[in-house]
Amino acid sequence: LRERGVEISESNLLISRNSQVIMPWHRTRDNLQEISRGGNEIGTTGQGIGPTYSDRALRTGFLVKDLLDPDFEERFDNELRFQERLTGVMNGDRSMGGQGKYYDRDVILEQVKEAREIIAPMVTHVLPVIWDYKDRGKSIIGEAGQGAV
């Protein structure tokens, strides 16, 4: 949006602390699941939304607030090890190793750190803000996983 000249700041964009974060392994899992369906694909976009929702239902993966935690890097490394193994299994790699085979830790971690710097001022508890705006008759635009209201 900024590249298109739209000013974005914490005054006009809020991000829920409890939003699930789509990570590169979600896209990989999405595509591997689609491939495994053979001729019965469901036509996923391949953006990782289904696997991200699965993680949300399982109460795993990262929420936006996790990105801001001081221990994030340790949690990231644990999740990355798990995702390497899971991707290996889904990809037919019987060695179960896969350490660093599918994901570049340093690249992903740097991307997360860059994103964190940009979004940190916008991360908040959004429900009280929504309720306040509703009570005052203000307009609200909300987006959640491929939809907006």
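Quick note: structure is the one above.
Our subject in this report is the structure included herewith. (Residues numbered from 1 in each chain as written. Predicted model: local features only at pLDDT ≥ 70, side-chain atom pairs only at ≥ 80, totals over all residues. Heavy atoms only, no water.)

Structural notes on the overall build of the protein chain
Definition in use: The numbering of helices and of strands both runs from the N terminus, where a helix is a DSSP run of H or I of at least 4 residues and a strand a run of E of at least 2. Working definition: with a 1.4 Å probe on protein chains only, accessible area under 20% of the residue-type maximum means buried, over 50% means exposed, and in between means partly exposed. When checking whether two residues touch, look at their non-hydrogen atoms; a contact exists if any pair is within 4.5 Å. Under the convention used here, a 1.4 Å probe and the Shrake-Rupley method define accessible areas, while residue burial counts only the protein chains that appear.
Regarding its fold elements, the protein chain presents six helices and two strands. In the protein chain, the succession of helices and strands from N to C terminus is β-α-α-α-α-α-β-α. Classification of the 149 residues of the protein chain by burial places 30% in the buried group. Contacts in the protein chain between residues far apart in sequence, at least 24 positions, make up 64% of those at least 6 positions apart. In the form shown here, the protein chain has an accessible surface area of approximately 10,100 Å², with 52% of it arising from carbon and sulfur atoms.

A look at the nonpolar core
Within soluble globular proteins, side chains that are nonpolar tend to cluster in buried spots. This is how the line gets drawn: Only buried residues count toward a nonpolar core, which is a set of Ala, Val, Leu, Ile, Met, Phe, Trp, Tyr and Cys residues joined through side-chain atoms within 4.5 Å.
Of all hydrophobic cores here, the largest spans 18 residues; its most connected members are M23, W25, F62, F72, F76 and I108. Within the residue set of this core, elements represented by two or more residues are α3 (64-67), α4 (72-90) and α5 (105-119). Top contributing element to this core by residue count: α5, with four residues. Among residues more than four places away in sequence, those in contact with W25 are F62, F76, E79, L80, Q83, Y103 and I108.

Observations concerning helix α2 (residues 49-58)
Rule in force here: Throughout, the arc means the angular range of directions from the helix axis out to the C-beta atoms.
Considered for burial, the residues of α2 that qualify are I49, P51, T52 and D55. Down the axis, α2 shows its buried residues gathered within 165 degrees of arc, on one side only. Away from the buried face of α2 by more than 90 degrees, exposed residues A57 and L58 are located. On its buried face, α2 is in contact with α1 (24-36) and α4. Within two residues after α2, R59 carries a phi angle of roughly 60 degrees, on the positive side.

A short note on the side chain of S16
Relative to the assigned elements, S16 resides in strand β1 (residues 15-16). Not counting the four nearest positions on each side in its chain, S16 is found in contact with V64, T124 and V126.

Quick word on the pattern of salt bridges
Here is the rule we go by: The working definition used for a salt bridge is a side-chain nitrogen of Lys or Arg within 4 Å of a carboxyl oxygen of Asp or Glu.
Applying the stated criterion across every chain yields a total of eight salt bridges. Between R29 and D55 there is a salt bridge, with the nearest N and O atoms lying 3.2 Å from each other. Taken as a pair, R29 in helix α1 and D55 in helix α2 lie far apart in primary sequence, 26 residues in all. D55 carries the same exposure label as R29, and that label is buried. Here D106 ties to R105 by a salt bridge, and the two come within 3.1 Å at their closest N and O atoms.

Things to note about a nonpolar patch on the surface
Convention followed: Patch criteria: residues need more than 30% relative accessible area and no salt bridge. Like-charged residues are merged within 9 Å; nonpolar side chains of Val, Leu, Ile, Met, Phe, Trp and Tyr are merged within 5 Å.
Taken together, L127, I130, W131 and I140 make up a surface patch of nonpolar side chains, about 370 Å² in accessible area. The class for I140 is partly exposed, based on a relative accessible area of 36%.

A few points about the packing of α4 against α5
Heads up, the rule is: Where helices are involved, their axes are fitted lines through C-alpha atoms of the stretch in contact, as for all axes, and angles between N-to-C directions lie from 0 to 180°. Oblique is the label for any angle not under 35 degrees, not over 145, and not in the 65 to 115 range, which are roughly parallel, roughly antiparallel and roughly perpendicular in turn. Handedness of a helix crossing follows the sense of rotation of the near helix relative to the far helix, less than a right angle counterclockwise being left-handed and clockwise being right-handed. Gly is put with the polar residues, along with every residue not named as nonpolar or charged; the nonpolar set is Ala, Val, Leu, Ile, Met, Phe, Trp, Tyr, Cys and Pro, and the charged set is Asp, Glu, Lys and Arg.
The interhelical angle for the contact between α4 and α5, taken along N-to-C directions, is 140 degrees, at an axis separation of 12 Å. It follows that α4 is oblique to α5 by the angle criterion. Crossing angle aside, the handedness with which α4 passes α5 is right-handed. Contacts between α4 and α5 involve F72, E73, F76, D77 and L80 from the first element and R105, I108, L109, V112, K113 and R116 from the second. Of the residues that constitute the contact of α4 with α5, the class distribution is six nonpolar, no polar and five charged.

The analysis is restricted to geometry; functional conclusions fall outside its scope.
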